[in-house]
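# Structural features, examined
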Amino acid sequence: MSTAALVAVVLSLVSAVAYAAAAVAQERLASKTAGAGLLRLLGSGAWWSAVGLNAGAALLHVVALKYGPLTLVQPLGALTLVAAVPMGARVAGRRVSATEWRGTALTLLGLGALLITASGPAPHQVLSLTEALAVAGTTAALIGALSRPGTRPGLRHATASGFASGVASALTQTVTVAATDRSGPALSAEVIVVSLLVAAFAVGGLLLSQTAYRGGLGAPLAVVTVSNPVAAAVIGLALLGQGLQDGALGILLALTGAGLASWGVVLLTRVTPSAPVIEPDDEHPVAAVLALDPTLLPRQPTEPKKLTAL
């Protein structure tokens, strides 16, 4: 593994831990504010803490993309799920199950196989402005279909979030390489336009994941984790010429690693969701004391019933 690839791996590991902490914070917030609008989220300190963690993780991810190709950096995003499982279990006050540990081991083993075949040189090819706009338009249409109004929050929104984040990573690599290329201006029209697209997809992915986490952490995060590198790898292989090493043997090893990692992700989705936190209802004294769901308690009649004649 080259020095540049090693730097990319280290930065990606730290980024994955930060993303995991942000995901746990978002899931806990979503369980308490199900159905809350964007304005209420903007007024929440917990929301801004999650945004700060995501921003820090994204910054590390950007630097990693400077030193490593998409086919190397994006699969390491699966470590977000590996780190989020024990974090989520600790926050929920439970132990990590044996199934979750097996899923963690399989995911790490599969990622190891992928790293061997994807550890190429530092990236040098970038998307043209036409290619970036085509990728952005196609992805926006796909995200719109997955998160259309009327669909229940869940795996569709998680898939859309993963696609948005993966495309944002691909576009980020284009901005990073183009902006640091001394042969052209640092703030060219291409860099500015693609930077705006990165911001749009990054924010969109964050909001879509917040919606997806209303159904729990395990399954939505697993889908985000899988769909993110899939979207980035398609762009890297099809448009950026980022292939795999060792020819046919490398492809076989990559497929084996992908299968192991996928099975590990499936096992990690079997996370026992924590019980939702229900805020006491001041209008019902029993609910306020016992912290019960007031809809499960009998309501007192608003008008006194008339006595019937004997």
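So, a few notes on the structure that sits alongside this text. Keep in mind that this is a model prediction, so the values were computed, not measured.

Criteria and thresholds
Residues numbered from 1 in each chain as written. Predicted model: local features only at pLDDT ≥ 70, side-chain atom pairs only at ≥ 80, totals over all residues. Heavy atoms only, no water. Helix = DSSP H or I, 4+ residues; strand = E, 2+ residues; numbered from the N terminus. Core = buried A, V, L, I, M, F, W, Y, C linked by side-chain atoms within 4.5 Å. Buried < 20%, exposed > 50% of the residue type's maximum accessible area, 1.4 Å probe, protein only. Contact = heavy atoms within 4.5 Å. Axes fitted to C-alpha atoms, helices over the stretch in contact; angles between N-to-C directions. Parallel < 35°, antiparallel > 145°, perpendicular 65-115°, else oblique. Left-handed = near helix turned anticlockwise from the far one by under 90°. Nonpolar A, V, L, I, M, F, W, Y, C, P; charged D, E, K, R; others polar. 1 Å grid on protein atoms, 1.4 Å probe; cavity = no way out; pocket = protein on both sides within 12 Å on 5 of 7 lines; lining within 4 Å. Points joined across faces, edges and corners; volume = space filled by probe spheres on them.

### Considering the environment of P86
Here P86 shows up in helix 5 (residues 79–92). For the pair P86 and A20, spaced 66 residues apart in the sequence, the C-alpha separation amounts to 9.8 Å.

### Things to note about the nonpolar core
Ranked by internal contacts, the top residues of the largest apolar core, which has 30 residues, are L79, L81, A84, Y213, L217 and L221. When contributions to this core are tallied by element, the ones reaching two or more residues are helix 1 (3–32), helix 3 (45–67), helix 4 (70–73), helix 5, helix 6 (98–118), helix 10 (218–239) and helix 11 (247–268). L81 has contacts with G218, L221, A222, T225, V265 and L268, leaving out every residue within four places of it along the chain. One finds I143, V167, A170 and L208 within the second-largest nonpolar core, a separate group that totals 24 residues.

### What to know about the packing of helix 1 against helix 3
The interhelical angle for the contact between helix 1 and helix 3, taken along N-to-C directions, is 165°, at an axis separation of 8 Å. As far as their axial angle goes, helix 3 and helix 1 are roughly antiparallel. Between helix 1 and helix 3 the crossing geometry is left-handed. Along the lines of polarity and charge, the residues of the contact of helix 1 with helix 3 split into 22 nonpolar, five polar and no charged.

### Here we look at the layout of surface pockets
The calculated volume of the largest pocket comes to roughly 820 Å³. As for the largest pocket, its lining consists of 40 residues, and the residues nearest its centre are Y19, N54, A58, S165 and N228. Looking at the lining of the largest pocket, the elements that each hand over two or more residues are helix 1, helix 2 (38–42), helix 3, helix 8 (155–179), helix 9 (189–212) and helix 10. Ranked by residues supplied to the lining of the largest pocket, first place goes to helix 9 with eight residues. Within the lining of the largest pocket, the residues separate by chemical class into 24 nonpolar, 16 polar and no charged.

### What to know about the environment of A8
Mapped onto the elements, A8 comes out in helix 1. A C-alpha to C-alpha distance of 8.7 Å links A8 and P69, two positions 61 residues apart in sequence. Beyond its immediate sequence surroundings of up to four residues, A8 is in contact with A64, Y67, G68, L72 and V73.

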